[in-house]
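Chain and residue survey
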Amino acid sequence: MEFQFSKRSEAIEEGIFTVLNHKRAELLARGREVYNFSVGTPDFKPQPHIMEALMEAAKDTENYKYALADKPELLEAVKSFYHSRFGVEVETDEIMSLYGSQEGMAHVAMALCDEGDVVLAPNPGYPVFAVGPELCGAKIVTYPLYAENNFLPVFEDIPEKTAQAAKFMVVSYPANPVCSVADDGFYERLIAFAKKYEIIILHDNAYSDIVYHGKEGKSFLSYPGAKDVGIEFYSLSKSYNMTGMRISFALGNKSVITQFKKVRSQIDYGIFLPIQIAAIAALKGPQDAVKEQCRKYEERNKALCGGLRKIGWNVPDSQGTMFVWAPIPEKYKSCEQFALDLMEETGVIVVPGTAFGDLGEGYVRMALVHDIPVIEKVVNIIKESHIL
Ligand SMILES: Cc1ncc(COP(=O)(O)O)c(C=O)c1O
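Along every chain, residues carry numbers that run from 1 in the direction the sequence is written. Given that the model is predicted, a residue must reach a pLDDT of at least 70 before its local features are reported, and side-chain atom pairs must reach 80 or more before they are shown or counted; all residues, however, enter totals for whole chains, interfaces and linings. Hydrogens and water molecules were not included; the side-chain quantities draw on all heavy atoms of the structure.

Description of the overall build of the protein
- Only DSSP runs of H or I reaching four residues or more are called helices, and only runs of E reaching two or more are called strands; each is numbered from the N terminus. In terms of helices and strands, the protein carries 14 helices and twelve strands.
- For the protein, the C-alpha radius of gyration of 21 Å lies close to 21 Å, the compact-globule estimate for 388 residues.
- Each of the three principal axes of the protein carries a C-alpha extent, and together these read 60 × 55 × 55 Å.
- Partly exposed describes any residue whose relative accessible area lies between the buried limit of under 20% and the exposed limit of over 50%, with all areas from a 1.4 Å probe on protein chains only and scaled to the type maximum. Here the protein holds 388 residues, and the buried ones make up 54% of them.
- The contacts of the protein with a sequence gap of at least 6 include a subset with a gap of at least 24, amounting to 76%.
- When charges are counted, Lys and Arg contribute as positive and Asp and Glu as negative, whereas His and the chain ends are disregarded. For this purpose, a charge sits on NZ of Lys, CZ of Arg, CG of Asp or CD of Glu. Here the protein holds 40 positive side-chain charges and 52 negative ones, and the gap between their average locations is 2 Å. The globule rule used here is 2.2 Å times the number of residues to the 0.38 power, and the radius of gyration it is set against is calculated over C-alpha atoms. Residues count as neighbours in contact if any of their non-hydrogen atoms are within 4.5 Å of one another.

Points about the sheet that holds strand β7 (residues 230-235)
- A pair of strands counts as paired when DSSP detects no fewer than two bridges linking them. On the basis of which strands lie adjacent, the open sheet formed by seven strands has the order β2-β8-β7-β6-β5-β3-β4 and mixed pairing. With one partner strand each, in any of the chains shown, β2 (95-98) and β4 (139-144) form the two edges of the open sheet. Neighbour-to-neighbour, the strand axes of this sheet turn through a mean angle of 25°, independent of strand direction.
- In terms of strand pairing, strand β6 (residues 200-204) meets β7 through four bridges, oriented parallel. Bridge pairing links Ile201 to Gly230 in β7. Fitting a line to C-alpha atoms yields each axis, with helices limited to the stretch in contact; the angle taken between N-to-C directions then spans 0 to 180 degrees.

Re the site of the ligand
- Taken together, 13 residues form the shell around the ligand, and within it Asp204, Tyr207, Ser235, Ser237 and Arg246 come nearest.
- Two N or O atoms count as a polar contact when they lie within 3.5 Å, although within protein this holds only if one can serve as hydrogen donor and the other as acceptor, and sequence-adjacent residues are included solely when both atoms are side-chain atoms. Within the backbone of Ser101, one N or O atom sits 2.8 Å away from an oxygen atom of the ligand.
- In the model, an oxygen atom of the ligand is placed 2.7 Å from a nitrogen or oxygen of the Lys238 side chain.
- The method behind every accessible area is Shrake-Rupley, applied with a 1.4 Å probe, and residues are considered shielded solely by the protein chains displayed. In isolation the ligand offers 410 Å² of accessible surface; the protein chains occlude 93% of this area.
- Three residue categories are used. Nonpolar comprises Ala, Val, Leu, Ile, Met, Phe, Trp, Tyr, Cys and Pro, charged comprises Asp, Glu, Lys and Arg, and polar comprises the others, including Gly. Looking at the shell around the ligand residue by residue, the classes come out as three nonpolar, seven polar and three charged. Throughout this document, a residue counts as near a molecule or strand when at least one of its heavy atoms sits within 4 Å of that molecule or strand.

Remember that the coordinates give geometry; whether it matters functionally is a separate question.
Here you go:
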């Protein structure tokens, strides 16, 4: 039987990741060593007190029932965490859990917009920012991020008609893949823009705990008026190395949260209780490991970018996130070709910038998921190759 699938699902491209995977398998089959800098999964370990809370909770048979809702203790833990970590006041009815920010971004448009409504998303940007709303029927209009503006949107350049039509705008700093961090002035302009055009802001704060050069990661909600215009997504995945546990939160504007909760109540029955309990342990427990981990990422960032600069590849240091956004060597015109050649010649796997939108052309993204000795080895392998 030949099935006719939805136009929305047919529009999704597997793209370069499939090509990279084939190439990787081919290299491994030839006995070549590969160095995977493409994945955004931290190699750091979850903290013992979080794992213990999970294991203890998993021994209780009551915890295997449908959770149905967020535990009150979890909402309280998020509330006090946001107060102590970011100086932000949120009420428990302004908070909801998600199966990760990825899932949240995939579904949020169901609550916020109708078929054909305009949604603003960054280009280059983390794919689900556009794919999620698109799957919900929204019309994506991207806003460009250029190096000369520190990869921040220029609000005056967004056409009046687009701004007037936009239902919501997805914004995320520290930014994956472009690795820039937004300043206070940016958030003030963002909130003013949102108020002027009545646009809901969704701020993805997945990397607030990975910010370099002595800066402190902030929350969008810490800026005056933020809660009037939008919500923030805060994920435990990267800060606590819990990517597989799938828990994050949406918080902020009460009416947005209430509407989103209503939609999700038809989709799921709540997060597995041991995971909720482990999340409480993460949020209420000691935070020094989070800071220490950021320091280690920064060392890797310096080793990789500094090392590559020394061998003639001009890669700027990241400002934040667990990634590096590297302009490709001048002799290349295509980032996909460069990524494939780099893999063939050195075994180093990176993501071509176009995986994040057409404005990613000219760049590749590398994840800081290897220790310094591996980074130094890889820099040396690249130096010895003819790729640059
Ligand atoms: C910007 C951004 N948002 C969200 C996610 C996914 O977060 P979660 O694990 O909470 O779904 C990632 C993961 O790489 C990310 O880079």
